[in-house]
Amino acid sequence: MSPENPLLLRAISLGGNKNKIIEFYDDWADTYDTDMIDTIGYVGHIITAEALAALVSDGAEILDAGCGTGLVAVELKKRNVSLRIDGIDLTQGMLDEAAETHAYRELIVGDLMGKLDFSDNSYDGIVSAGVYTNGHVGPTGLDELVRVAKPGAPIVLTVRDTAWEADGFRTYIDDLAAKGLIRIREIRHSPYHGNEGIFCQLCILEAV
Ligand SMILES: C[S@@+](CC[C@H](N)C(=O)[O-])C[C@H]1O[C@@H](n2cnc3c(N)ncnc32)[C@H](O)[C@@H]1O
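Thresholds, definitions, all that
- Residues numbered from 1 in each chain as written.
- Predicted model: local features only at pLDDT ≥ 70, side-chain atom pairs only at ≥ 80, totals over all residues.
- Heavy atoms only, no water.
- Salt bridge = Lys/Arg side-chain N within 4 Å of Asp/Glu carboxyl O.
- Helix = DSSP H or I, 4+ residues; strand = E, 2+ residues; numbered from the N terminus.
- Buried < 20%, exposed > 50% of the residue type's maximum accessible area, 1.4 Å probe, protein only.
- UniProt positions renumbered as here; feature names shortened; annotations may be inferred.
- Axes fitted to C-alpha atoms, helices over the stretch in contact; angles between N-to-C directions.
- Parallel < 35°, antiparallel > 145°, perpendicular 65-115°, else oblique.
- Left-handed = near helix turned anticlockwise from the far one by under 90°.
- Contact = heavy atoms within 4.5 Å.
- Nonpolar A, V, L, I, M, F, W, Y, C, P; charged D, E, K, R; others polar.
- Near = heavy atom within 4 Å.
- Polar contact = N/O pair within 3.5 Å; in protein donor to acceptor, adjacent residues only side chain to side chain.
- Areas by Shrake-Rupley, 256 points an atom, 1.4 Å probe, with all protein chains shown as cover.
- 1 Å grid on protein atoms, 1.4 Å probe; cavity = no way out; pocket = protein on both sides within 12 Å on 5 of 7 lines; lining within 4 Å.
- Sits in = over half its atoms within 2 Å of the grid points.

An unreviewed UniProt entry lists the protein under the name Methyltransferase domain-containing protein, from Roseibium aggregatum.

Written out as structure tokens, the structure reads:
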């Protein structure tokens with residue numbers, strides 16, 4: 001099980017530095033899927049897609065936040081081909097791979113730590129896998145997901161176990177609920193990197 005895969009060790013040490021994140025993922029983009037799925041045993045895309053697909057209607061407009069190479073949208077489309085999925089990501093090289101899946105309506109370069117170029121209440125559902133983790137997007141990056149979700153829209157995301165308490169996700173999500181901005185439907189401890197023995201919290205939230 002350990003030590004953790006060297007690619008993952010590099011990924012979690014990026015410190016939220018945008019230039020480093022872009023350089024790292026641009027380099028990794030073409031082998032990301034095989035490394036993550038075959039070597040690391042990643043299942044973040046499957047658990048989020050399963051949870052979200054069960055909560056949205058046919059034709060729903062979905063935002064995949066930090067869509068990477070498009071693994072989440074491919075899983076969503078297997079469960080409901082009618083979903084209209086937009087993907088946003090910091091890294092053009094990852095978006096280029098996502099375009100090859102043909103699972104997205106639109107793919108947009110954007111930063112989840114900044115203001116997103118979408119109106120309030122735009123989406124029927126939001127999904128994000130593998131992004132709210134050490135060295136990537138911190139808890140304040142949830143604010144924009146909440147803003148662009150329609151009232152009642154599910155927001156499904158993974159938070160890596162090692163970031164859950166240490167990076168303040170647990171407290172931040174509880175605060176969003178206490179402020180009446182979200183409802184917490186379920187938080188489930190789930191396998192994440194199956195071959196590494198690493199878990200995540202699968203957060204199934206709802207915009208208010
Ligand atoms: C581990 S990958 C996950 C990709 C995909 N969601 C999946 O499940 O395979 C993390 C992704 O987050 C993106 N990312 C990191 N920081 C970001 C930010 N501030 N805004 C948008 N995307 C970001 C990276 O470019 C990368 O594509």
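Back to the text.
## Structural notes on the pattern of salt bridges
Inspection of every chain in the model, using the stated rule, returns 13 salt bridges. Residue R183 pairs with E206 through a salt bridge whose shortest N-O separation is 3.2 Å. Residue R183 is located in strand 6 (residues 182-193), and its partner E206 is located in strand 7 (residues 198-207); the two are separated by 23 residues in the primary sequence. Residue classification places R183 among the partly exposed positions, given a relative accessible area of 43%. A salt bridge links R188 to E186; its shortest N-O distance comes to 2.8 Å. According to the relative accessible area criterion, E186 is partly exposed, its value standing at 33%. Among the ionic contacts, a cluster of salt bridges with common partners joins E50, E75, K78 and R79.

## Considering the UniProt feature "domain: Methyltransferase" (unreviewed entry) in the protein
Per the UniProt annotation, the sites labelled "domain: Methyltransferase" (unreviewed entry) are residues 62-152. Taken end to end, residues 62-152 is 27% helix and 24% strand, and its first and last C-alpha atoms sit 13 Å apart.

## A closer look at the packing of helix 4 (residues 44-53) against helix 5 (residues 71-79)
Remark: helix 4 packs on helix 5, axes separated minimally by 9 Å, with the N-to-C direction vectors making an angle of 40°. In this view, helix 4 runs oblique relative to helix 5, as classed from their interaxial angle. Crossing handedness for the pair helix 4 and helix 5: right-handed. Counting all contacts with helix 4, which are made through H45, I46, T48, A49, E50, L52 and A53, the residues of helix 5 involved are L71, V72, E75, L76 and R79. Classifying every residue of the contact of helix 4 with helix 5 gives 7 nonpolar, 2 polar and 3 charged.

## Some words on the site of the ligand
Taken together, 21 residues are adjacent to the ligand, and Y32, Y42, G66, D89 and T91 come closest. In this structure, L90 approaches the ligand through a main-chain N or O atom, which is 3.2 Å from a nitrogen atom. Summarising the interface, the protein chains cover 98% of the accessible area of the ligand, which totals 600 Å² for the free molecule. Judged by the proximity of its atoms to the pocket grid, the ligand belongs to the largest pocket. Secondary-structure elements contributing two or more residues to the shell around the ligand are helix 2 (18-28), helix 5 and strand 4 (125-132). Broken down by element, the shell around the ligand gets its largest block of residues, 3 residues, from strand 4. In terms of residue class, the shell around the ligand is built from 13 nonpolar, 6 polar and 2 charged.

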